[in-house]
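Tertiary structure, described
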Amino acid sequence: MTHESKKSAVPLIETRGLKKFFKVRNGLLHAVDNVSITIPAKNTLGVVGESGCGKSTLGRTVLRLIEPTAGQVLYEGEDITAFDKHQMRQMRRKMQIIFQDPYSSINPRMSVAEIIAEYMLINHTCASKAEAFQRTAELMDVVGLARRYAGVYPHELDGGRRQRIGIARALSLRPKFIVCDEPVSALDVSIQAQILNLLMDIQDDMGLTYMFITHDLSVVKHISDEIIVMYLGQCVERATSDGLFASPLHPYTQALLAAIPEPDIEMRNKKIQVIRGEVTSPVNPPPGCRFASRCEKATDLCRAQTPELIEHTSGHWVACHLYDK
Amino acid sequence: MSEKFLQVRDLSVQYRTDLETVYAVNHINFELEKGQTIGLVGETGAGKTTTALTLMRLLPEKTGRVTSGTVTFEGQNIYDLPDETMHTIRGHHIAMIFQDPMTSLNPVMTVGEQIAEALELHNTDGKTREQIEARVDEVLRMVGIPPERKTNFPHQFSGGMKQRVVIAMALVCEPDLLIADEPTTALDVTIQAQVINMIRELRDRLGTAMIMITHDLGIVAQTCDNVAVMYAGRIIEAGTAFDIFKGEIRHPYTVGLFSSIPNLREKTARLTPIPGLMPDPTQLPAGCSFAPRCPHATERCRTEPPSVWRSGTHVIECHLLEGRGGWTKEGRE
């Protein structure tokens, strides 16, 4: 095997048995529990689930913004959880994050150009301040922010433009990997479509790899190559975007897809499929499948033994005893 | 034409401060029959919530004012009524569910007390304490909360449960009209499905008329008989749900809204967003307010406000309809 082909076989991002537990008053909160993912370079992994399923914690743990409790995060095959502070600082340039609410993630007392230039100035990636601001202007062109906004403050801009600032700032250090944490959830649909197109365009132009975290199933289907479905800290299903929507296997995924109200008048008399109850507590979860208490097909086995994530058909993984062979 | 249950005619609302005037709602018309549901659809700033607050007479006193039009509820213009009469209508005949259940519940009262509060306030038939308590239990059961939990405080409930409490509060007096302002936007999709199903069931059982305010076309398709699409304070298109979803021609903005949503069934390589932004409501354009973003806009669209065109139940405010067979002019109101 040549060096080149060996390198392309290594995914850009990989996690192995990643866990993040938080100590809370009455025990351990299993926010991310034994999640293993791989994201090939230039691909998008969608992470979907409801609030409290651990998807944002997963994104932050992959970036080591939160230290994992156990498990590894590999960047091009290298374990970054073993990196020291200095190595991690170098690594951070390659890994960036875009947040849901751009307004609470930017300093309101800095102008648009200052916000975008800040990372470049801190990291000394440009030879001079003038060069940093030159590149800032170029980045504003890339994300579709008119240069006349360089001197204005974020509160003067609408949500869509603020999100463009967040994207320009994330791109400023020429990263290879970006965690997009609900980047369009706070935006109106017409603006949401503009931002989704922008994210897909810059991915093609710059060869970026995304981890795209969202609760919105139609968005995740649109942008992802592969999707993982999370429930209470665990990955319950993993498949290609088309595979997941064509034949969802896990009862939770099926319930999630059935719950979407479709913008189609012919579906209006279809009663929306409803699953009972609500998400149970992730604090000290009992053994067994975490979805069992809401699952109509649950058996005693489900309540006793945690199902493993197994490859049901090629490329389609599911953690459910219904598919035990 | 017989007397309508709710009729909104030529309604305009402005928010005025010393610095500027926000033209929040501009000459809108719609009506609602008993037991029907109308969807008010549009994006942030379209004037949906202002319309709802105007129907409840809950506009902020200092800044908000109705500058034209009437809101006729069961034959009376609510803006002609004395405050006391409005107090009995609000909560008793017209109730509202707000988007964020966290901010519409009192954190230091138990949920049972909060639901009972509305009954005590509108206790026209002299219910006793026991009857009120029994009614609270009944309405909690109706929204799927065990009555034992009425002594709990809001923070002891999850988001979906809190929204059920808010719905119970709105329904406890059996209003004739329920205004739901983005009732499920803050909820997860599986909980949203539970709440939507519950709202549909209760509406059908109690015969409540409803105004469903939402930006989600999926919810509109699932719950509404009629739809009004709002843009920059105007209703730019209205009709039956069928007209809006399957009409032979639709307003360019409505078309844009639909093509902005990623499709769950088909693979689209690229979305077709509406370029640009909604106009600043303090400075609306001279012609059609959608013209700056419209792919079909002509010089006329930028200078001359479009007329309202009607074909049966379907109404569109757009110059494109001019000269189209089957469409007649209603004039701009």
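Residues numbered from 1 in each chain as written. Chains lettered and ligands numbered in written order. Predicted model: local features only at pLDDT ≥ 70, side-chain atom pairs only at ≥ 80, totals over all residues.

Moving on, we come to the overall build of chain A. Looking only at helices and strands, chain A has 11 helices and 13 strands in total. What you see for chain A is a C-alpha radius of gyration of 21 Å, in line with the 20 Å of a compact globule of 325 residues. Its C-alpha atoms give chain A principal-axis dimensions of roughly 65 × 50 × 50 Å. In chain A, which comprises 325 residues, the share counted as buried stands at 44%. (Helix = DSSP H or I, 4+ residues; strand = E, 2+ residues; numbered from the N terminus. Rg over C-alpha atoms; globule rule 2.2 N^0.38 Å. Buried ≥ 20, exposed ≤ 12 C-beta atoms within 10 Å, placed from the backbone.)

Attention shifts here to the interface of chain A and chain B. It is common to give the size of an interface as the accessible area lost on bringing the parts into contact. Taken residue by residue, the interface counts 33 residues in chain A and 36 residues in chain B. The set of elements that each furnish at least two residues to the side of chain A that touches chain B consists of α7 (189-206), α8 (217-223) and α10 (251-258) of chain A. With seven residues, the top contributor of residues to the side of chain A that touches chain B is α7 of chain A. When grouped by side-chain class, the residues that make up the side of chain A that touches chain B number 16 nonpolar, eight polar and nine charged. (Contact = placed C-beta atoms within 7 Å. Nonpolar A, V, L, I, M, F, W, Y, C, P; charged D, E, K, R; others polar.)

The interhelical angle for the contact between α7 of chain A and helix α10 (residues 252-260) of chain B, taken along N-to-C directions, is 50°, at an axis separation of 8 Å. Overall, the two elements α7 of chain A and α10 of chain B adopt an arrangement that is oblique. Every pair of crossing elements has a handedness; the one defined by α7 of chain A and α10 of chain B is left-handed. For the pair α7 of chain A and α10 of chain B, the contacting residues are V189, S190, Q192 and A193 of chain A in the first and G256, L257 and S260 of chain B in the second. (Axes fitted to C-alpha atoms, helices over the stretch in contact; angles between N-to-C directions. Parallel < 35°, antiparallel > 145°, perpendicular 65-115°, else oblique. Left-handed = near helix turned anticlockwise from the far one by under 90°.)

Tracing the sequence through the fold places V22 of chain B in strand β2 (residues 21-32). Sequence separation between V22 of chain B and T63 of chain B is 41 residues; the distance between their C-alpha atoms is 9.7 Å.

Quick look at the sheet that holds strand β11 (residues 308-311) of chain B now. In a beta sheet, neighbouring strands are held together by backbone hydrogen bonds and run either parallel or antiparallel to one another. All names here are of chain B. Strand order in the open sheet formed by nine strands is β6-β7-β8-β3-β9-β10-β12-β11-β13, with mixed pairing between adjacent strands. The open sheet terminates on both sides in strands that have one partner only, identified here as β6 (94-97) and β13 (328-329). With six bridges joining them, strand β9 (residues 226-231) and strand β10 (residues 234-240) adopt antiparallel strand pairing. By the bridge assignment for β10, V227 is matched with G239. Sitting on the sheet, helix α6 (residues 159-171) is in contact with β6 and β7 (177-181), with an inclination near 175° to β6. (Pairing = 2+ DSSP bridges.)

All right, on to helix α4 (residues 112-123) of chain A then. Residues and elements named next belong to chain A. Looking at α4, one finds that the buried residues are V112, A113, I115, I116, A117 and M120. Where the residues of α4 are buried, they touch α5 (129-143) and α6 (159-171). Positioned one or two residues after α4, H124 has a phi angle of 50°, which is positive.

Residue and element names in this part refer to chain B. Between its first and last C-alpha, helix α5 (residues 129-142) extends 20 Å over 14 residues, near the 20 Å set by a 1.5 Å rise per residue. Looking at α5, one finds that the buried residues are V136, V139 and L140. Mapping the buried residues of α5 onto a view down its axis gives an arc of 105°, with all of them on the same face. Exposed residues lying more than 90 degrees from the buried face of α5 are E130, E138 and R141. (Expected span 1.5 Å × (residues − 1). Arc of directions from axis to C-beta.)

Looking now at the pairing of β7 of chain B. All names here are of chain B. Counting buried residues along β7, five of its five residues qualify, which places the element largely inside the surrounding structure. Side chains L177, I179 and D181 project from β7 onto one buried face, and the interleaved L178 and A180 project onto a second face that is buried too. Across five bridges, the pairing between β7 and strand β8 (residues 209-214) is parallel. Bridge assignment links L178 to a residue of β8, and that residue is M210. Following the chain from β7 across helix α7 (residues 189-206) to the adjacent parallel β8, one finds a crossover that is right-handed. (Right-handed = clockwise from strand over helix to strand, strands pointing away.)

Before going further, it helps to examine the confidence of the model for chain B. Note that predicted coordinates carrying low pLDDT should not be read in detail. Residues of chain B with pLDDT of at least 70 account for 98%, and the chain-wide mean is 91. Both confidence scores are given for the complex: pTM 0.88, ipTM 0.83. (pLDDT = per-residue confidence, 0-100.)

A few words now on the nonpolar core. All names here are of chain B. Among the nonpolar cores identified, the biggest contains 183 residues, and A168, V227 and V229 are the most heavily contacted of them. When residues in this core are grouped by element, the largest group, eight residues, is from α6. Once residues lying within four places of it in the same chain are set aside, the contact partners of V227 are I38, G39, V41, V220, A238, G239, A241 and I244. (Core = buried A, V, L, I, M, F, W, Y, C linked by C-beta atoms within 7 Å.)

Turning our attention to the sheet that holds strand β4 (residues 64-73) of chain B. Residue and element names in this part refer to chain B. Taking strand neighbours across the sheet as the criterion, the four strands line up as β2-β1-β4-β5 in an open arrangement whose pairing is antiparallel. Each edge of the open sheet is held by one strand with a lone partner, namely β2 and β5 (76-77). Each of β1 (6-16), β2 and β4 touches helix α1 (residues 48-55); the most contacted strand, β2, lies at about 65° to it.

With that settled, consider the packing of helix α4 (residues 111-121) of chain B against α5 of chain B. Residues and elements named next belong to chain B. Two elements in contact, α4 and α5, have axes whose closest approach is 10 Å; the angle formed by their N-to-C orientations is 120°. Relative to α5, α4 is oriented oblique. When you trace α4 past α5, the crossing you get is right-handed. Contact with α4, carried on its side by G112, I115, A116, L119 and E120, involves I132, R135, V136 and V139 of α5 and no other residues of that element.

All names here are of chain B. One non-glycine residue with positive phi stands out, namely R57, at about 55°. Within the fold, R57 resides in the loop between α1 and β4. Notably, E74 is not glycine yet its phi reads approximately 50°, a positive angle. Along the chain, E74 falls in the loop between β4 and β5.

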